[in-house]
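Examining the three-dimensional arrangement
Listed below, chain by chain, are the residues.
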Amino acid sequence: MATCVNAAIGTWFATFATAVALLTAAAKRAWKKTIPGLSDGESSPRVRGSDFKPEAVTTTLYLVRHGEAIHNIAEREAKTMSAGILELLGLSKGSECFEEIVEGARHQVLMDEGFKDAALSGEGCIQASASAHTLEGLYAMGLAKPETVYVSPLQRALKTASIMFPNHHNIHVCSAVRERLTGLPCDESSPTQMLQRRLTFDGMIWESPATPPKTVKATAEDKAMVRLRAEVALRQILAAKEGSVAIVSHKGFLRELEKGCLAIKDTAEFDNGEVRVYHVQVHDDGAIAASCVT
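Predicted model, so just to flag it, every value in this text is computed and none were measured.

**Brief notes about helix α2 (residues 70–88)**
Side chains of residues three or four places apart in an α-helix project in the same direction, reflecting 3.6 residues per turn. When the terminal C-alpha atoms of α2 are compared, their 28 Å separation across 19 residues agrees well with the 27 Å that a helix rising 1.5 Å per residue should span. Listing the buried residues of α2 in full gives H71, N72, A74, E75, A78, S82, A83, I85 and L86. When α2 is viewed along its axis, its buried side chains cluster within an angular range of 165 degrees and face the same direction. Pointing more than 90 degrees away from the buried face of α2 are the exposed residues E77, T80 and L88. Once α2 finishes, G90 follows within two positions and takes phi at roughly 90 degrees, a positive value.

**Side note on the nonpolar core**
The nonpolar side chains of a soluble globular protein tend to be buried with one another. Y62 and F165 are the most contacted members of the largest nonpolar core, which totals 26 residues. At the level of secondary structure, the elements contributing two or more residues to this core comprise β1 (58–65), α4 (122–140), β2 (148–151), α5 (155–164), β3 (171–173), β5 (244–249) and β6 (275–282). Considering every element that reaches this core, the biggest residue donor is α5, with five residues. Here F165 is in contact with L135, Y139, P146, V149, I171, A246 and V248, once residues within four sequence places are set aside.

**Observations regarding helix α3 (residues 96–109)**
The terminal C-alpha atoms of α3, which comprises 14 residues, lie 21 Å apart, in line with the 20 Å expected from a rise of 1.5 Å per residue. Within α3, burial applies to F98, I101, V102, G104, A105 and R106.

**Digging into the packing of α2 against α3**
Their axes nearest at 8 Å, the elements α2 and α3 cross at an angle of 145 degrees. For the pair α2 and α3, the crossing hand works out as right-handed. Along its contact with α2, which presents A74, E75, A78, K79, S82, A83, L86 and E87, the element α3 presents F98, I101, V102, A105, R106 and V109. Taken together, the residues of the contact of α2 with α3 sort by class into nine nonpolar, one polar and four charged.

**Re empty space enclosed by the protein**
Taken as a whole and assessed by the stated rule, the structure comprises two cavities of 30 Å³ or more. When its volume is computed, the largest cavity comes out at roughly 40 Å³. Lining the largest cavity are K251, R255, E258, K259, T267, A268, E269 and F270.

**Comments concerning the pattern of salt bridges**
By the definition in use, this model includes 13 salt bridges. Of the charged contacts, one joins K251 and E269 as a salt bridge, the two residues approaching to 3.9 Å between their closest N and O atoms. Of this pair, K251 sits in helix α8 (residues 251–259) while E269 sits in the loop between α8 and β6; the two residues are 18 residues apart in sequence, bridging distant segments of the chain. Its relative accessible area of 38% is what places E269 among the partly exposed residues.

**A closer look at the sheet that holds strand β4 (residues 205–206)**
Taken in spatial order, the seven strands of this open sheet run β4-β3-β2-β5-β1-β6-β7, and their pairing is mixed. At either end of the open sheet lies a strand with only one pairing partner, and these are β4 and β7 (288–292). Bridge count for β2 against β5 is four bridges, and the pairing is parallel. Bridging across to β5, V151 finds its partner in V248. Sheet contacts for helix α7 (residues 223–238): β1, β2, β5, β6 and β7; angle to β6, the most-contacted strand, approximately 70 degrees. On top of the sheet, α8 reaches β1, β5 and β6; it is set at about 145 degrees to β1, its chief contact.

**Looking at the packing of aromatic side chains**
Under the counting rule described, the total for this entry stands at one aromatic pair. Between Y62 and Y139, the aromatic rings sit 6.3 Å apart at their centres with planes inclined by 75 degrees, giving edge-to-face as the arrangement. Residue Y62 is found in strand β1, and its partner Y139 is found in helix α4; the two are separated by 77 residues along the sequence. There is no split in this pair, since Y62 and Y139 are both buried.

**Some words on the environment of F165**
Along the polypeptide, F165 turns up in the loop between α5 and β3. Between the C-alpha atoms of F165 and A128, which are 37 residues apart in sequence, the distance is 9.8 Å.

**So, the packing of α7 against α8**
As a packed pair, α7 and α8 sit with axes 8 Å apart at the nearest point and diverge in direction by 75 degrees. Of the possible angle classes, the one that applies to α7 and α8 is roughly perpendicular. Only G252, F253, R255, E256, L257 and K259 of α8 make contact with α7, whose side of the interface consists of K223, V226, R227, R229, A230 and L234. Class assignment for the residues of the contact of α7 with α8 results in five nonpolar, one polar and six charged.

Parameters and conventions
- Residues numbered from 1 in each chain as written.
- Predicted model: local features only at pLDDT ≥ 70, side-chain atom pairs only at ≥ 80, totals over all residues.
- Heavy atoms only, no water.
- Helix = DSSP H or I, 4+ residues; strand = E, 2+ residues; numbered from the N terminus.
- Expected span 1.5 Å × (residues − 1).
- Buried < 20%, exposed > 50% of the residue type's maximum accessible area, 1.4 Å probe, protein only.
- Arc of directions from axis to C-beta.
- Core = buried A, V, L, I, M, F, W, Y, C linked by side-chain atoms within 4.5 Å.
- Contact = heavy atoms within 4.5 Å.
- Axes fitted to C-alpha atoms, helices over the stretch in contact; angles between N-to-C directions.
- Left-handed = near helix turned anticlockwise from the far one by under 90°.
- Nonpolar A, V, L, I, M, F, W, Y, C, P; charged D, E, K, R; others polar.
- 1 Å grid on protein atoms, 1.4 Å probe; cavity = no way out; pocket = protein on both sides within 12 Å on 5 of 7 lines; lining within 4 Å.
- Points joined across faces, edges and corners; volume = space filled by probe spheres on them.
- Salt bridge = Lys/Arg side-chain N within 4 Å of Asp/Glu carboxyl O.
- Pairing = 2+ DSSP bridges.
- Phe/Tyr/Trp six-rings, centres within 6.5 Å; stacked < 30°, edge-to-face > 60°.
- Parallel < 35°, antiparallel > 145°, perpendicular 65-115°, else oblique.

Shown next as structure tokens:
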């Protein structure tokens, strides 16, 4: 018991020290505000909104965020703890300084190497199972089952796909739909050959399996880069003219996909395990039209 209490106190003081350090740094740069990447109001100049055309091929697009992973638990706890400390210090919740410090605490815990290619939590597996039931309900409503499933090579997405689409014979592991490259351990994929040996992922179709994965720490992407990658990936997927496809990915990628080429500006970020469905067309002039189904 004493050990647990001492550990908890140590964690509290470490978090407190981090909050104070972040508070000092935030105060020094409070006058300067930087917004990386594209704002919510920006979209690719090559894409415009357009009405659906009866003669155009319509694809049912399932977008799925992976279930809760172990790093999601840690970042949630870090945000809660740092927010509690800041409130005790008298900072106003919702202020720019408050939010910056809380975000800094969240980012710091994600630097833990123990979260490399973070796995699903127990709750994440439950969420993926619930999402599978959601899909069954959508199929019962008349929506077509995905002919192809594209999944991020990070194992939290792979595990989610394996639970949601059991016995599916056309699941493609696709780096184009992975999470934003951040340099954080949680977003660094495991070696492909190691993942291929796992029975859970047996039968998935891996792109260029002989090519060693690039290290995430070598580069990073901002929101504009992810938005462009998401558009290119979607156009390649839609070029196959399949009736129904699914993408199992991550919050950052799905956000830029929706706000970018799908031109959905007023949508909330994906929750863990959330499923959204769109009907999508690509017209002769290259414009992408999207209509939300669920």
